[in-house]
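Inside the fold
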Amino acid sequence: MAVYTEVTPAQAAALLQQLGLGALLELRGCPGGIENTNYFVSVQASGGARQEYVLTLFERLGFEQLPFYLCLMQHLAAKGIPVPNPAPDASGHILHRLLDKPAALVNKLPGQSVLAPQPAHCAQLGTLLAQMHLAALDYPLQQPNLRGLAWWNQTAPEVLPHLNLAQAALLRSELALQNDLALQPDYQSLPRGAVHADLFRDNALFEGDRLTGVFDFYFAGCDTWLFDLSVALNDWCIDLASGQPDAARSHALLAAYQCLRPLSAAELELLPLLLRAAALRFWLSRLWDWYLPRDAAMLVPHDPTHFERVLRARVAHT
């Protein structure tokens, strides 16, 4: 999360009035993240209770793209999945306009992120990820993963001039492998649907040791479930210092996921290559943010070398 667009308390209060949510008590910019403007919003509801929301102004996504993300959250919340639920106006619209930008207001989930997860945390995440995949089976909207293969091919030439020879060779070889994989029948037949595509440990919340929900669906899209699983494995089950996979956490996440949705033989065979795909995706996006940054208050881009280490480790284990 970051602040690219400054929102005043009066502007936030006007939106709250439009949505019938109550009086503004506090407006605070959210640190961290890279894509959108985010604020924590405290509201005094009509009954006097204090309620917490997250206000997002979308800096890259347009009005035509956003219904996919917001309606997906609404769809999952309606099925009992603990995700933020967008607040509607009197007409039922959940996509709003603020400062001439698309905006949404969602309830703030309870809990805190666990940044040093143990196998028990990973198991809960694996269960919830499988529940999300199955709950989205009947989600009707379609939108490609906008940070998928097409974006990788488009972005690689922009970051290659900033890389040394070894890094450039790794990027070119992995991109060629993923382009070839995308043409394979086994890959094309993998089960797919609407996926989160960014389910890192800082996008999940716990109260004590209990998982209370996941958020930040603004990289979601239609992709293989195996890619979504690989994204989670590459964050929750990685040693941050070395980039090496942690066997105990990986087993816990995979076992819990497969209790609800067992992987097919083709998925098990292709998992090592999808782990490489997920590492490549985040190495590329971090390279892009690092070398081609945008101005934003409170923005601190992530170090791309972490996912270079993860990618090299996944290559070594394939």
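Residues numbered from 1 in each chain as written. Predicted model: local features only at pLDDT ≥ 70, side-chain atom pairs only at ≥ 80, totals over all residues. Heavy atoms only, no water.

1. With respect to the packing of helix 7 (residues 225-236) against helix 9 (residues 265-291)
Inclusion rule: To obtain each axis, a line is fitted to C-alpha atoms, and for helices this fit is confined to the stretch in contact; angles are then taken between N-to-C directions over 0 to 180 degrees. What counts as a helix is a DSSP run of H or I of at least four residues, what counts as a strand is a run of E of at least two, and both are numbered from the N terminus. Here a crossing is called left-handed whenever its near helix is offset anticlockwise from the far helix by less than a right angle, and right-handed whenever the offset is clockwise. Contact between two residues is taken to exist if any of their heavy atoms lie within 4.5 Å; hydrogens are not considered.
Contact geometry for helix 7 and helix 9: axes closest at 8 Å, N-to-C directions at 65°. Considering the relative orientation of helix 7 and helix 9, their crossing is right-handed. Between helix 7 and helix 9, the contacting residues are Leu226, Phe227, Ser230, Val231, Leu233 and Asn234 on the first element and Glu267, Leu270, Leu271, Leu274, Leu275, Ala277, Ala278, Ala279, Arg281 and Phe282 on the second.

2. A few points about the sheet that holds strand 4 (residues 96-98)
Strands pair in a sheet through their backbones, by hydrogen bonds, and they do so in one of two ways: parallel or antiparallel. Our working definition: When DSSP finds two or more bridges between a pair of strands, those strands are recorded as paired.
Spatially, the five strands line up as an open sheet ordered 1-2-3-5-4, and their pairing is antiparallel. Pairing within the sheet leaves two strands with one partner each, and these edge strands are strand 1 (23-29) and strand 4. Each strand axis lies, on average, 35° off the axis of its neighbour in the sheet, ignoring direction. Strand direction decides the pairing type here: strand 1 and strand 2 (residues 37-44), joined by six bridges, are antiparallel. In the strand pairing of strand 2, Leu27 is matched with Val41.

3. As for helix 7
Quick note on the threshold: Given the number of residues in a helix, its expected span is that number minus one, multiplied by 1.5 Å. Categorising residues by exposure relies on relative accessible area from a 1.4 Å probe, with only protein chains included: less than 20% of the type maximum marks a residue as buried, more than 50% marks it as exposed, and the intermediate range marks it as partly exposed.
For helix 7, spanning 12 residues, the distance from its first C-alpha to its last is 17 Å, which sits close to the expected 16 Å at 1.5 Å a residue. By the criterion of burial, helix 7 is predominantly enclosed, with 12 of the 12 residues buried. The set of residues buried in helix 7 consists of Trp225, Leu226, Phe227, Asp228, Leu229, Ser230, Val231, Ala232, Leu233, Asn234, Asp235 and Trp236.

4. As for unusual backbone geometry
Unusually for a residue other than glycine, Leu99 sits at a positive phi of about 55°. Locating Leu99 in the fold gives a position in the loop between strand 4 and strand 5 (101-107). In this model, Asp100 sits at a positive phi of 60°, which is unusual for a non-glycine residue. Secondary-structure assignment places Asp100 in the loop between strand 4 and strand 5.

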